[in-house]
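Inside the fold
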Amino acid sequence: MSEVSSWLKNLPIFTRHWFGLTIALSLVGRFGILSPRYLVLDYYSLFESFHVWRPASALFYYPITPKTGFHFLINLYFLYNYSLQLETGLFNGRPADYFFMLLFNWICCVIIGLLADFPYLMDPMVLSVLYVWCQLNKDTIVNFWFGTQFKAMYLPWVLLGFNLIIAGGGVMELVGIVVGHLYFFLTMQYPQEFGGPLLLTTPQFLYKYFPNQRSGVQGFGTAPQPRAEFRPNVDAGPRRYDWGRGNVLGGQN
């Protein structure tokens, strides 16, 4: 237990809390400590009964059953892996900016979830973060199941098609792609590729609670350093990244 506790403590703050709360609340619902019907996103319960916790609980809770257990574990792996890489990569030393990305994506998922009557937000939220990572690492080679390989830019669409064929779903993945692309376009692609104005920035008050851990700019696009910029063309050549090969769900060659 001490090793697990030490491992969790060494995770960056937002990945640690998102990962831990997802496991905790899903198990709480699984074992009936809290009724799952109080944890899901529901329009009428939110606005008529004022169950204001539901947008948050719908993010962290996912129903664990014999049919959904494997899907939950895969989502949990994606959450841990891609959130960790973003928080320790592009957003390293800038917790306010990463928190704002999560906050923006979550608000978008909540709005779409209320309109489309989605009870759970884990799928679109995880896919939105995965999509941002894939756009920042387009030329990274990922190994999918059965030995297939392709560039990371295609991974969100492969997951969408895979779930569409296997489970008859795909809507949640599509929402995650749309939300992730919205954030990526407004903060990186539009100002850097198309020369447009910066349309989405981190609110200044967030830096009071989560100050930068190194000297640098607060928010995207206001200064060239030290932020690692989005570069659509990578000269270093393709990299390789395994997310599912045999019994190994992660690793980098």
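Computed from a predicted model, the values in this text were never measured in an experiment. (Residues numbered from 1 in each chain as written. Predicted model: local features only at pLDDT ≥ 70, side-chain atom pairs only at ≥ 80, totals over all residues. Heavy atoms only, no water.)

**Quick look at the overall build of the protein**
To keep things clear, this is the line we draw: The secondary structure listing takes helices from DSSP runs of H or I that are at least 4 residues long and strands from runs of E that are at least 2 residues long, numbered from the N terminus. Under the scheme applied here, a residue whose accessible area is under 20% of the maximum for its type counts as buried, over 50% as exposed, and between as partly exposed, the area being computed with a 1.4 Å probe on protein chains only. Residue contacts are defined here by distance: any two heavy atoms, one from each residue, within 4.5 Å place the two residues in contact. Throughout, the Shrake-Rupley method with a 1.4 Å probe supplies accessible areas, and for residues the shown protein chains are the sole cover considered.
A count of helical and extended segments in the protein gives 10 helices and 3 strands. Ordered by position from N to C terminus, the α and β elements of the protein give α-α-α-α-α-α-α-β-β-α-α-α-β. Within the span of the protein, comprising 253 residues, buried residues form 48% of the whole. Considering only intrachain contacts with a sequence separation of at least 6, the fraction spanning at least 24 residues in the protein is 62%. If you sum the accessible surface of the protein, you get close to 13100 Å²; carbon and sulfur atoms cover 63% of it.

**Overview of the UniProt feature "transmembrane region" (unreviewed entry) in the protein**
Formally: UniProt positions are given in the numbering used here, feature names are shortened, and annotations may be inferred rather than shown by experiment.
Sites flagged by UniProt as "transmembrane region" (unreviewed entry) map to residues 18-39, 59-78, 98-121 and 154-186. Secondary structure content for residues 59-78 is 60% helix and 0% strand, while the C-alpha to C-alpha distance between its ends is 15 Å. Split by type, residues 154-186 is 88% helix and 0% strand. Its first and last C-alpha atoms lie 20 Å apart.

**Section: the side chain of serine 57**
Here serine 57 lies in helix α4 (residues 54-60). Not counting chain neighbours up to four residues away, the residues in contact with serine 57 comprise Leu25, Tyr38, Leu39 and Val40.

**Description of a nonpolar patch on the surface**
To keep things clear, this is the line we draw: Like-charged residues within 9 Å of one another, or nonpolar side chains (Val, Leu, Ile, Met, Phe, Trp, Tyr) within 5 Å, are grouped into patches, provided each residue has over 30% relative accessible area and no salt bridge. A pairing counts as a salt bridge when a side-chain nitrogen of Lys or Arg comes within 4 Å of a carboxyl oxygen of Asp or Glu.
A surface patch of nonpolar side chains, amounting to about 430 Å² of accessible area, comprises Leu27, Phe31, Ile33 and Leu34. When you line up the elements, leucine 34 lands in the loop between α2 (13-30) and α3 (43-47).

**Some words on the nonpolar core**
To keep it simple, the criterion reads: We call a set of buried residues a nonpolar core when its members are Ala, Val, Leu, Ile, Met, Phe, Trp, Tyr or Cys and they connect through side-chain atoms within 4.5 Å of each other.
Grouped together as the largest cluster of nonpolar side chains are 63 residues, with contacts concentrated most on Trp18, Leu86 and Met101. For this core, the secondary structure elements donating two or more residues are α2, α4, α5 (69-88), α6 (95-116), α7 (122-136), α8 (155-167), α9 (171-193) and α10 (204-209). With residues near it in sequence (within four places) discarded, leucine 86 still touches Phe91, Asn92, Tyr98, Met101, Val129, Val132, Trp133 and Leu136.

**Let's talk about α7**
Here is the rule: Each helix should span, by expectation, one fewer than its residue count multiplied by 1.5 Å.
Taking 1.5 Å of rise per residue, 15 residues should cover 21 Å, and α7 covers 22 Å from first to last C-alpha, within 8% of that figure. In terms of burial, α7 is largely enclosed, as 15 of its 15 residues are buried.

**Considerations on the packing of α6 against α9**
Between two packed helices, the angle of one axis relative to the other and the distance separating the axes together describe the packing. In plain terms, the rule: To get an axis, a line is fitted to the C-alpha atoms, and for a helix only the part in contact is used. The angle between two axes follows their N-to-C directions and goes from 0 to 180 degrees. Should an angle fall under 35 degrees it is taken as roughly parallel, and over 145 as roughly antiparallel, whereas 65 to 115 is taken as roughly perpendicular and any remaining angle as oblique. Put simply, a crossing is left-handed when the front helix is turned counterclockwise from the back one by less than a right angle, and right-handed when it is turned clockwise. For this scheme, ten residues count as nonpolar: Ala, Val, Leu, Ile, Met, Phe, Trp, Tyr, Cys and Pro. Four count as charged, namely Asp, Glu, Lys and Arg, and the remainder, Gly too, count as polar.
Two elements in contact, α6 and α9, have axes separated by 10 Å at closest approach and are oriented at 135 degrees. One element, α6, and the other, α9, form an angle in the oblique class. α6 and α9 meet at a crossing whose hand is right-handed. Each of Asp97, Met101, Phe104, Asn105, Cys108, Cys109 and Ile112 in α6 lies in contact with α9, whose residues at this interface are Val175, Val179, Leu182, Tyr183 and Leu186. By residue class, the composition of the contact of α6 with α9 is 10 nonpolar, 1 polar and 1 charged.

**Here we look at α2**
With 18 residues, α2 should reach 26 Å at 1.5 Å per residue; the first-to-last C-alpha distance of 25 Å fits that figure. Of all the residues in α2, the buried ones are Phe14, Thr15, Trp18, Phe19, Thr22, Leu25, Ser26, Val28 and Gly29.

**Describing the environment of valine 158**
Positionally, valine 158 belongs in helix α8. A sequence separation of 14 residues divides valine 158 from phenylalanine 144, and the C-alpha atoms of the two residues are 9.1 Å apart. If we ignore the near neighbours within four places in the chain, the residues touching valine 158 are Phe144 and Phe150.

**Some points on unusual backbone geometry**
With a phi close to 60 degrees, phenylalanine 50 is a non-glycine residue in the positive phi region. Looking at the secondary structure, you find phenylalanine 50 in the loop between α3 and α4. Among the residues examined, phenylalanine 50 registers a relative accessible area of 60% and is labelled exposed. One non-glycine residue, aspartate 117, lies in the positive phi region at around 60 degrees. Here aspartate 117 shows up in the loop between α6 and α7. Classification of aspartate 117 by relative accessible area gives exposed; the value is 57%.

**Describing the pattern of salt bridges**
Should the charged atoms of two oppositely charged side chains come close, the side chains can pair. Here the structure, examined in full by the defined rule, presents 2 salt bridges. Here aspartate 97 ties to arginine 94 by a salt bridge, and the two come within 2.4 Å at their closest N and O atoms. Aspartate 139 is paired through a salt bridge with lysine 151; the nearest N and O atoms lie 3.4 Å apart. Taken together, the residues span a long stretch of sequence, with aspartate 139 in the loop between α7 and β1 (141-143) and lysine 151 in strand β2 (residues 149-151) at a distance of 12 residues.

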